[in-house]
Amino acid sequence: MTVRPLRSTPETREQLTGLLVATVEGGGSVGFMHPLTSEAAATFWDGALAAAERDERIILGGWDGPQLLGTVTLILNMPPNQPHRAEIAKMMTHPGWRGVGVATALLRAAEALAVQRGRTLLVLDTASDGGAAGLYERAGYTFAGEVPDYALKPHGGLTGTRLYWKRI
C-alpha cells in the first residue's frame, strides 16, 4: 500500500465518493446518515478537496495500485490561538480492507505530516458505538472523556463520542 496526499481528479473523487457511501452504509459514524446518495458524498468531497487545495487540510489516501483502500484527513485550519494543533478526521477504510493495517498506516502518515507542519498536538473524536477507539488507543492517543448522545448513528439511534489527544 502507498499513502499519498489526494488531489481533486475525477478518478479520486469517484473513489472517495464510493468509500464514503460504503462507510455510511456499513454504519460508520462519519457525519452522514444512511442512505447517503453519491451526489451528497461527491459534494462533500468537492468541498474537502477544495479546502485541501487551499492548504487548510491534507487528505491522505492509501492505495493498492489503482484502488483506494482508505482515507484520513488532517485538518490544519485552526483558530489563531491554536496554531500548534491539528485534528484527525474522516478516517475510513474500505470494508474489504479492514483489520489489515490500512488505518494505522494512514494515521502514522498524518502524524508525520503534522510534525512537518510544526504541529505538536493532535485531537480527534470517534463514535462510542462502533468507533475506532481501539485503533487510537493502540496508536498512543489518550482518552480525554466521552460526550453522551453526541450524534445520530447512520442507521438511527444516538451514540456518544469519545475524545482523544496525542502530543507529537
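On a predicted model such as this, the values are computed, not experimentally measured, just so you know. (Residues numbered from 1 in each chain as written. Predicted model: local features only at pLDDT ≥ 70, side-chain atom pairs only at ≥ 80, totals over all residues. Heavy atoms only, no water.)

Caption draft 1: Local environment of the UniProt feature "domain: N-acetyltransferase" (unreviewed entry) in the protein. With numbering aligned to this structure, UniProt lists the feature "domain: N-acetyltransferase" (unreviewed entry) at residues 1–168. For residues 1–168, the helix share is 32%, the strand share is 35%, and the end-to-end C-alpha distance is 24 Å. (UniProt positions renumbered as here; feature names shortened; annotations may be inferred. Helix = DSSP H or I, 4+ residues; strand = E, 2+ residues; numbered from the N terminus.)

Caption draft 2: Just unusual backbone geometry, in detail. Put simply, His-34 and Pro-35 share a cis peptide bond, and its omega is -5°. Turning to its location among the elements, Pro-35 is positioned in the loop between α1 (10–25) and α2 (38–53). Even without a glycine there, the phi angle at Lys-90 is positive, about 50°. Even without glycine at this site, Asp-149 takes up a positive phi of about 50°. By relative accessible area, Asp-149 is classed as exposed at 53%. (Buried < 20%, exposed > 50% of the residue type's maximum accessible area, 1.4 Å probe, protein only.)

Caption draft 3: Summary view of the sheet that holds strand β7 (residues 158–167). Read from one edge of the open sheet, seven strands run β1-β2-β3-β4-β5-β7-β6, paired in mixed fashion. Looking at the sheet topology across the chains shown, the edges are occupied by β1 (2–5) and β6 (142–152). Averaged over neighbouring strand pairs, the angle between their axes works out to 25° when direction is ignored. Taken together, the three bridges between strand β4 (residues 85–93) and strand β5 (residues 121–127) define a ladder with parallel strand orientation. Paired with Glu-87 across the bridge in β5 is Val-123. Lying over the sheet, α1 contacts β2 (57–64), β3 (67–75) and β4, oriented at roughly 85° with respect to β3. The sheet contacts of helix α3 (residues 102–116) involve β1, β2, β3, β4, β5 and β7, and relative to β3 the element is tilted by about 35°. (Pairing = 2+ DSSP bridges. Axes fitted to C-alpha atoms, helices over the stretch in contact; angles between N-to-C directions. Contact = heavy atoms within 4.5 Å.)

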